Amino acid sequence: MTLILGLESSCDDSAAALVTGDRRILAQAVVGQNSAHAPFGGVVPEIAARAHVEVLPSLISQVLEEAGVRPNELDAVAATAGPGLIGGVMVGLLAGKGLALAANKPLIAVNHLEGHALSPRLTDPDLAFPYLLLLASGGHCQLLEVRGVGEYRRLATTIDDAAGEAFDKAAKSLGLPYPGGPAIEALARDGDPKAVPLPRPLVGSSEPHFSFAGLKSAVQRAVAAGTHAPADLAASFQQAVVDCLVDRTRRALGDSAAPALVVAGGVAANGAIRAALEQLAADNGRSFSSPPGWLCTDNAAMIAWAGAERFAAGLVDPLDAPARARWPLDPTAEAARGAGVKA
Ligand code: KG4
Ligand code: ZN
């Protein structure tokens, strides 16, 4: 059975995992860097890259040892080659190249977004192509029709902030720690989602895209006004994000006949968001799938799995594969009007 080592280092999580072609995760390890970045209130690229240099090699030895696997027993080494913070991407990609070279195994240069996009198929063997994917993370918010490995049609993207970024900034204004998503979700449990009136940008629009900047500013103003309880602010903010995601996804269902709706990426770890999208899928006669929470946030199992899918399709990469800060899944998609682009 195919055996793939996956490496992830595109943002602030260093991770390694061993995954088989028949969906077994033999070992995995993730080390986050929250405490290193906390004093700065966001991810500092230089600090992130240095931290990957320090921890990634020991994570690799750890997963190989735990699974009792020697490098020459691997079928391929899959490493995130972008998009992301370029310094960190270079660290993980070069580690992958070194291993592939030393073990004389093929390298698979994985698009981090493809890692998220294919992650639901690691834990849901029944999820077949095509599916409509809501990919919501700290850096991206997109609707994609996933037609196959390496085959994506982008239906929508955000014209300003990503959904996770909105969670992180709303959390910061509430004095909550980074990453903001889990903190807001926890606080929202004690709040009233109707307490604070907040905007739902682009809801009901005939345009396909997302927008969260106006919501983020509105919640910052509402916090500054000091008239609402933090739990009510968190619950109302989360409800506004749910409403935006559901409305935009409902619109996209009209553009895709895919039988399944899938949500993945860090924001998909949110219980309220998962529940609302599951209901949307049921209301529209589509099946629903979402990876477990630990597979939604950044990890290397999804990179190894994307590697396994690409390996099965005969897609391997040369050792001079580049590290890419930007790397769209659908290179034919036009820039969204309003997204810093002249119409
Ligand atoms: O996929 P991910 O780990 O990294 C990127 O590729 O960006 O996503 C991280 C994002 C952060 O913005 C974080 O606040 C958000 O996912 N997130 C959540 C939850 N857990 C993580 N957002 C809402 N609710 C959560 N439970
Ligand atoms: Zn990610």
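Please read all numbers here as calculations on a predicted model, not as lab measurements. (Residues numbered from 1 in each chain as written. Chains lettered and ligands numbered in written order. Predicted model: local features only at pLDDT ≥ 70, side-chain atom pairs only at ≥ 80, totals over all residues. Heavy atoms only, no water.)

### A word on the site of ligand 1
Phase 1: In the vicinity of ligand 1 lie 20 residues, with Gly 138, Asp 168, Gly 181, Glu 185 and Asp 298 positioned nearest.
Phase 2: His 112 has a polar side-chain atom sitting 3.2 Å from an oxygen atom of ligand 1.
Phase 3: One of the backbone N or O atoms of Asp 298 is found 2.8 Å from an oxygen atom in ligand 1.
Phase 4: Calculation on ligand 1 without its partners gives an accessible area of 550 Å², and the protein chains cover 91% of this total.
Phase 5: When contributions to the shell around ligand 1 are tallied by element, the ones reaching two or more residues are helix 4 (112-123), helix 5 (163-173) and helix 6 (180-188).
Phase 6: Examining the composition of the shell around ligand 1, we find that four residues originate from one element, helix 6, more than from any other.
Phase 7: The residues that make up the shell around ligand 1 include at least three from each of domain 1 (3-118 + 297-342) and domain 2 (128-290). (Near = heavy atom within 4 Å. Polar contact = N/O pair within 3.5 Å; in protein donor to acceptor, adjacent residues only side chain to side chain. Areas by Shrake-Rupley, 256 points an atom, 1.4 Å probe, with all protein chains shown as cover. Helix = DSSP H or I, 4+ residues; strand = E, 2+ residues; numbered from the N terminus. Domains from an automatic or database assignment.)

### As for the sheet that holds strand 7 (residues 141-148)
Across a sheet, paired strands are connected by hydrogen bonds in the backbone, their directions being either parallel or antiparallel.
Phase 1: Here five strands make up an open sheet; going across it, the order is 8-7-6-9-10 and the pairing mixed. Both outer strands of the open sheet, strand 8 (151-156) and strand 10 (287-289), are each paired with one neighbouring strand and no more. Along the sheet, successive strands turn relative to each other by an average axial angle of 25°, direction set aside.
Phase 2: Taken together, the six bridges between strand 6 (residues 131-136) and strand 7 define a ladder with antiparallel strand orientation. Each residue of the ladder has a partner; that of Leu 135, found in strand 7, is Gln 142. (Pairing = 2+ DSSP bridges. Axes fitted to C-alpha atoms, helices over the stretch in contact; angles between N-to-C directions.)

### What to know about the pairing of strand 1 (residues 3-8)
Phase 1: Most of strand 1 sits out of view: six of its six residues are buried.
Phase 2: Because side chains alternate across strand 1, one face comprises the buried residues Leu 3, Leu 5 and Leu 7, and the other comprises Ile 4, Gly 6 and Glu 8, equally buried.
Phase 3: As paired elements, strand 1 and strand 2 (residues 13-20) share six bridges and run antiparallel to each other. For Leu 5, the partnering residue across the bridge sits in strand 2 and is Leu 18.
Phase 4: Strand direction decides the pairing type here: strand 1 and strand 4 (residues 76-82), joined by four bridges, are parallel. Within strand 4, the residue paired with Ile 4 across the bridge is Ala 76. (Buried < 20%, exposed > 50% of the residue type's maximum accessible area, 1.4 Å probe, protein only.)

### Regarding the environment of Cys 11
Phase 1: Assignment of secondary structure puts Cys 11 in the loop between strand 1 and strand 2.
Phase 2: Residue classification places Cys 11 among the partly exposed residues on the basis of a relative accessible area of 25%.
Phase 3: For the pair Cys 11 and Pro 45, spaced 34 residues apart in the sequence, the C-alpha separation amounts to 7.9 Å.

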